[in-house]
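# Structural overview for review
What follows is each chain in one-letter form.
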Amino acid sequence: MEYDFRISGIGEKSFKIEKYIKYDDIIEAIEAGNDDGLESIILELVDSFEPKEE
């Protein structure tokens, strides 16, 4: 599988990785058996996200 992403340096020992993924692509990857990939990590973050209460 090929992944497209961008890496940027943001400090002495820091970097930023940017990857834009459609939600449907995440579901397709997980349904295809990619349970340990980036897609499953992102889905877990999205599912566990709770906005701050004001």
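See above for the structure.
Throughout what follows, the structure given in this document is the object of discussion. What you see is a predicted model; the values in this text were computed from it and never measured.

Moving on, we come to the environment of Ile-17. Within the secondary structure, Ile-17 sits in strand β2 (residues 15-18). On the accessibility criterion, Ile-17 (51% relative accessible area) is exposed. In sequence terms Ile-17 and Ile-7 are ten residues apart; their C-alpha atoms lie 4.6 Å from each other. Among all residues touching Ile-17, those that are not within four sequence positions of it are Phe-5, Arg-6 and Ile-7.

Taken together, the side chains of Asp-24, Asp-25, Glu-28 and Glu-31 present a region of like negative charge at the surface. Among the secondary structure elements, Asp-25 is positioned in helix α1 (residues 23-31).

Procedures and definitions
Residues numbered from 1 in each chain as written. Predicted model: local features only at pLDDT ≥ 70, side-chain atom pairs only at ≥ 80, totals over all residues. Heavy atoms only, no water. Helix = DSSP H or I, 4+ residues; strand = E, 2+ residues; numbered from the N terminus. Buried < 20%, exposed > 50% of the residue type's maximum accessible area, 1.4 Å probe, protein only. Contact = heavy atoms within 4.5 Å. Patch = residues over 30% accessible without salt bridge, like charges linked within 9 Å, V, L, I, M, F, W, Y side chains within 5 Å. Areas by Shrake-Rupley, 256 points an atom, 1.4 Å probe, with all protein chains shown as cover. Salt bridge = Lys/Arg side-chain N within 4 Å of Asp/Glu carboxyl O. Lys, Arg positive; Asp, Glu negative; His and termini not counted. Charge placed at Lys NZ, Arg CZ, Asp CG, Glu CD.

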